[in-house]
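# Geometric and topological summary
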Amino acid sequence: MSKPKYYITTAIAYTSGKPHIGNSYEIVLADSIARFKRQEGYDVFFQTGTDEHGQKIELKAEEAGVTPKEFVDNVSTTIKGLWDLMDTSYDKFIRTTDEDHEKQVQKIFKKLYDKGDIYKGAYEGMYCTPCESFWTESQLVDGKCPDCGREVKPAKEEAYFFKMSKYADRLIQYINEHPEFIQPVSRKNEMMNNFLLPGLQDLCVSRTSFKWGIPVDFDSRHVVYVWLDALTNYITGIGYDCNGGSTDQFKALWPADLHLIGKDIIRFHTIYWPIFLMALDLPLPKQVFGHPWLLQGDGKMSKSKGNVIYADDLVTFFGVDAVRYFVLHEMPFENDGVISWELMVERMNSDLANTLGNLVNRTISMSNKYFNGIVTDKGAAEAVDDDLKTVVTGTKAKVQGKMKDLKVADALTEIFVLFKRCNKYIDETEPWVLAKDEAKQDRLATVLYNLVDCIMTGASLIEPYMPATANKIAEQLNTTLREFDDLEKSGLYPQGNKVTEKPEILFARLDAKEVLEKAEALFAERKAEADKAAGITETVEEEINIEAKPEIEYGDFDKLQFQVGEIISCEEVKKSKKLLCSQVKVGSQMKQIVSGIKQHYSAEEMVGKKVMVLVNLKPATLAGIVSEGMLLCAEDAEGNLALVTPEKSMPAGAEIC
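First, a word on what this report is: a plain description of the structure on this page. (Residues numbered from 1 in each chain as written. Predicted model: local features only at pLDDT ≥ 70, side-chain atom pairs only at ≥ 80, totals over all residues. Heavy atoms only, no water.)

## Here we look at the nonpolar core
One finds Ile 33, Phe 318, Ile 462 and Tyr 465 to be the most contacted residues of the largest nonpolar core, which totals 98 residues. Membership of the second largest hydrophobic core comes to 64 residues, among which are Tyr 123, Met 164, Val 205 and Trp 254. (Core = buried A, V, L, I, M, F, W, Y, C linked by side-chain atoms within 4.5 Å. Buried < 20%, exposed > 50% of the residue type's maximum accessible area, 1.4 Å probe, protein only.)

Quick look at the structure:
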C-alpha cells in the first residue's frame, strides 16, 4: 500500500542578511512537523529555500561592492549552512535565482497577462524600500510605512498590475467554507476583517526602477515584482509548468498540505497567493499556518547594539538539540515566545540535564552496577509498574493529538511528562534499596527493564524534535528507535540486551553567570565591529533641537496631574498599526490608556513597567476605545520613542512633582 503524501514548506528566507534565531525557529518548527509526519508513515516532501530578488538586494550589493548575484550567493550559502547546522531534513532547497524557477515565473506572468488578469498601468504613491511596498497617503501611519515604521518616499513608475478584486469574492467564499485554511483562527479573522471584506486593490506585480529581478520577457524594461516571484516557488520547486508540462512530482504533491510562515507575511500567503492560484486554475494549499514570533527577552535585537542572537551562537553555548528543544518548547501556539540567555540556561539545567539526561545516565549506571549492563525482565511485577506503563503507552496518542493541531510545544511537554514519570518511578521503587536485598534481585531487574523499555519509547517519540539526542539514547541502550505503530506497546526492549558500559552525558549543567559573561563579551565584540564598520570611533550624544513653545504660568502647569503607574496588562488594538491599549494601575485606580507606541514596544514587554502618567487628561475615544490618560514618552530626532520611567523604585500612584 502506497504511503499518503505530505507536502510542507517554509517561507523562503530573504537574502538581505544572516537570519537571526527568530527566523531559524521557523525551519526547526517545520522540520519537527516533517519528521513527525514521516514517523506517522507519510511520504513527506519538505521544501525551503531563499528569496533572492528585489531592490533591497540591489542596494546592499552596491554597498558591499559586489554584484547582486555574488551577494545572494554568499547569503544563501550562509542560510543553507544554518539550516544544515540545525539538523533540518528538508528535501529541497530552492533559490529564486535557479534557472528553472526564473523560466517558470516568466511563463506564469505571460499566461496571466494573456488571460487579462495582468495589465499595464502606472503607480504613484509612497514607497518603502525595506518592505518593497507602495502605500497611499491614507495607509501611512504618522507619515511612515504601516508595516515597518520606516521612512517612505514619493515614487511614480510604470508597472503591471494584477486584478485582485476579480477573485476577492471567490476567496472569501473559500475561506468561509474551509475554516481550517488559515490557522490560527485569529489570523483568519484579521485577514477577513482588515483586507478582504473592506475590498482589495489591484496589486503591482512589476517594477522598472531597479534591475535585480526576473525580466518580463515580453517587456524588458520591467522585472517581476517580489511576491509573484517568491510565492510561486511552492509550485515551481516541485515541477509546475503553466503550459501543461508539469512533472509527475507536481501532480502527486500539489496542493501543499501546509505552508508554515511567520505571522508578518500571512496576508501575502492567504490573499495574494490563493488568488494567483485561482487565476492559474490550481487548487489552493490545504492550510496556511502563521506562527508567532520569537522575541528577545532583554530588549529588541539590533545589529547596531551587537545583541542579535543567531542560531550558531546558541549552538556554540548549548548544542544543536538543546537549541531545537528551546525554540520549540518556549513558543506558544498563538502568542509570541521569548528567548533569553537566562531562560536557556534554566531549561538546559532543569529539563534537559536533570529530567532527561540524568534519567538516562543513572538508569544505565544502575544497570551496569547491579547486572553488568544486562537488562532482563524477570516478571517480578508490582502495581506501581502498571501506572508507569499506562502513562508511557498513552503518550503517543496525546502527542499525536497535539501535533494534529500543530501544537508542537504541547507535544514536547507530553513527552517530558513521560520522562518525569520515569524519574518518579525510580523514587517509588528505590533500586538502590532493592539492590541490598538478595531476595529482591528479580524485582530490581524488572524495575530496570521497565525503565529502559519506557525510556526507549520516550526517545522514539522525541526524535522529530531532538533527532540527535534520540539516536544517542538508542545507541547507549544498544538498540534502535521504535516504529511509530509500536509506541503504544510495552515490553519491546530485547531480553538480555546489554547497555553501554560508559554512558555519555547527554546534557551538561551550565553556570548561568558564566554563560551571561561570555554572551556579553560576544555582544561587545559584535558592537565594536558594527561601530567600526559604521565609522564610529567614540560615543557622541545626539543633539536634538526642539522648537520652543510659549511660556506658561505656574498655575497652568499645576493643572496637570502626573503620577507613577504600573502596567498590569496590555494588548494590541485591532485594525490599528500603531496603538496599544494598556490597563494601568495608578494608586487604587485602574485606568485604560491607548498609546501610539506599537512600533516601539510589543504588548508583552509593556506588562510590568512602571511609567509616568498624565492622569487627569479628559477621556478621548481612539480607534473606538476610550483612553483615560497619557503615557509620557521621549522622542529622538529619528522618531524613536522611549517610555519615561522612574529612576528609582516607586509605588504605583506616587505623585510626580
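## Describing the layout of surface pockets
What the second largest pocket holds in volume is close to 280 Å³. Listing elements by their share of the lining of the second largest pocket, those giving two or more residues are helix H1 (21–40) and helix H14 (383–404). By residue class, the composition of the lining of the second largest pocket is five nonpolar, two polar and seven charged. (1 Å grid on protein atoms, 1.4 Å probe; cavity = no way out; pocket = protein on both sides within 12 Å on 5 of 7 lines; lining within 4 Å. Points joined across faces, edges and corners; volume = space filled by probe spheres on them. Helix = DSSP H or I, 4+ residues; strand = E, 2+ residues; numbered from the N terminus. Nonpolar A, V, L, I, M, F, W, Y, C, P; charged D, E, K, R; others polar.)

## Some thoughts on the packing of helix H6 (residues 185–196) against helix H10 (residues 266–279)
Close contact between H6 and H10 brings their axes to 11 Å; oriented N to C, the two are set at 65°. Here the hand of the crossing between H6 and H10 comes out right-handed. Residues Arg 187, Met 191, Phe 195 and Leu 196 of H6 form the contact with H10, whose own contacting residues are Ile 266, Arg 267, Thr 270 and Ile 271. The class makeup of the residues in the contact of H6 with H10 is five nonpolar, one polar and two charged. (Axes fitted to C-alpha atoms, helices over the stretch in contact; angles between N-to-C directions. Left-handed = near helix turned anticlockwise from the far one by under 90°. Contact = heavy atoms within 4.5 Å.)

## Quick look at the sheet that holds strand S6 (residues 133–135)
Spatial strand order, S6-S5-S7-S9: four strands in an open sheet with antiparallel pairing. The sheet is open, and its two edges are formed by S6 and strand S9 (203–204), each paired on a single side. With three bridges joining them, strand S5 (residues 118–128) and S6 adopt antiparallel strand pairing. In the strand pairing of S6, Tyr 127 is matched with Phe 134. The strands touched by H10 are S6, strand S7 (153–162) and S9; relative to S7, the strand with the most contacts, the crossing angle is about 35°. (Pairing = 2+ DSSP bridges.)

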